[in-house]
Amino acid sequence: MTPEEAVVQGFTTLNRYIVQSILMPKFKKQLSEQIDKRLLALLKRDGRSTLEELAHELSLSPSTVYNRIRGMQKRGVIKGYTAILDRNRAGLGTGAILLITIDGQANVEKVSRALCDVPEVEAVYEIGGEADIVVLVYANAIEDLRNLVNERINSIPGVSNVTPLVILKTYKENGILF
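All figures in this text were calculated on a predicted structure; none of them were measured in a lab.

Rules and cut-offs
Residues numbered from 1 in each chain as written. Predicted model: local features only at pLDDT ≥ 70, side-chain atom pairs only at ≥ 80, totals over all residues. Heavy atoms only, no water. Pairing = 2+ DSSP bridges. Helix = DSSP H or I, 4+ residues; strand = E, 2+ residues; numbered from the N terminus. Axes fitted to C-alpha atoms, helices over the stretch in contact; angles between N-to-C directions. Contact = heavy atoms within 4.5 Å. Buried < 20%, exposed > 50% of the residue type's maximum accessible area, 1.4 Å probe, protein only. Salt bridge = Lys/Arg side-chain N within 4 Å of Asp/Glu carboxyl O. Arc of directions from axis to C-beta. Parallel < 35°, antiparallel > 145°, perpendicular 65-115°, else oblique. Core = buried A, V, L, I, M, F, W, Y, C linked by side-chain atoms within 4.5 Å.

Caption draft 1: Expanded view of the sheet that holds strand β1 (residues 94-102). Pairing is antiparallel across the open sheet formed by four strands, whose spatial order is β2-β3-β1-β4. The outermost strands of the open sheet, each flanked by one partner alone, are β2 (121-126) and β4 (159-166). Along the sheet, successive strands turn relative to each other by an average axial angle of 20°, direction set aside. Judged from the seven bridges that link them, β1 and strand β3 (residues 133-139) form a sheet pairing that is antiparallel. Looking at the pairing, L98 lines up with V135 of β3. Sheet strands in contact with helix α6 (residues 142-153) are β1, β3 and β4, and its direction is about 20° off that of β1.

So this is what it looks like as structure tokens:
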């Protein structure tokens, strides 16, 4: 073998090594992440889609789709499946967004955890800004909402102020147009 051929062969071996050891794993990871994002978008659009429907959309086998979903469930990416309700049509009451300010000595996480224990609470978010916590609640009627705020939410240790914003109409929720 001539020195030139040795250099070409060495370069080819180096290229193969770079492709197999460095580029392919990154490409496979990126491709896997893209597939998972597409799968999550499909599930978010319709969580009742069958494995066969999802597999067809993704050009994958149903068993591969099942394994990907199962993996995302185990990693906590997929927390669960639920029905999205039109609360007005279902007669399920009045909704409100509560802006909650805690006193300076309170722990935001402890107050948030206490709010999570209230059955009427649908969502709790720690935020930055004038308020510390935003809470989404639903009650059967406006009077029940008033009692919820005045008697239960305000009695949680650390809550110093609650500003309720009553939801008049929902246009979009969880990615679904109403």
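Right, picking up where we left off after that structure.
Caption draft 2: Spatial organisation of the environment of R87. Following the sequence through the fold, R87 ends up in helix α4 (residues 87-90). As for R87 and T170, which are separated by 83 residues in sequence, their C-alpha atoms are 9.2 Å apart. Among all residues touching R87, those that are not within four sequence positions of it are L92, G93, E122 and Y138.

Caption draft 3: Here's a closer look at unusual backbone geometry. A positive phi angle is found at S59, which is not glycine, with a value near 55°. With respect to the helices, strands and loops of the structure, S59 is situated in the loop between α2 (51-58) and α3 (62-74). Taking the relative accessible area as the measure of exposure, S59 reaches 67% and is therefore exposed.

Caption draft 4: Examining the pattern of salt bridges more closely. For the structure shown, the criterion picks out six salt bridges. One salt bridge connects E109 with R113, and the closest N-O pair in it is separated by 3.7 Å. One end of the pair is E109 and the other is R113, both in helix α5 (residues 108-116) and four residues apart, which spans about a single turn. A relative accessible area of 53% places R113 in the exposed class. What you see here is one network of salt bridges that share partners, running through D36, R68 and R75.

Caption draft 5: Structural context of α2. Regarding α2, the residues found buried are L54, A55 and L58. For α2, the arc enclosing every buried residue in end-on projection is 100°, short of the 170-degree limit, so these residues lie on one face. For α2, exposure combined with an orientation more than 90 degrees from the buried face picks out E52 and H56.

Caption draft 6: Spotlight on the packing of α2 against α3. Closest axis-to-axis distance for the α2/α3 pair is 8 Å, and the angle between their directions is 100°. One element, α2, and the other, α3, form an angle in the roughly perpendicular class. On α3, the residues that touch L51, E52, L54, A55 and L58 of α2 are P62, V65, Y66 and I69.

Caption draft 7: The arrangement of the side chain of T94 in detail. Of note, T94 is situated in strand β1. Residue T94 is classed as buried on the basis of its relative accessible area, which comes to 19%. Not counting the four nearest positions on each side in its chain, T94 is found in contact with V137, Y138, A139, N140, A141, I142, L145 and V166.

Caption draft 8: Spatial organisation of the nonpolar core. Residues L98, I100, L115, V135, V137 and I153 are the most contacted members of the largest nonpolar core, which totals 19 residues. Put simply, the parts of the chain that give this core at least two residues each are β1, α5, β3, α6 and β4. With near-sequence residues (within four places) excluded, L98 lies in contact with I133, V134, V135, V137, V149, I153, V162, T163 and P164. L39, L42, L43 and L54 belong to the second-largest nonpolar core, a separate cluster that totals ten residues.

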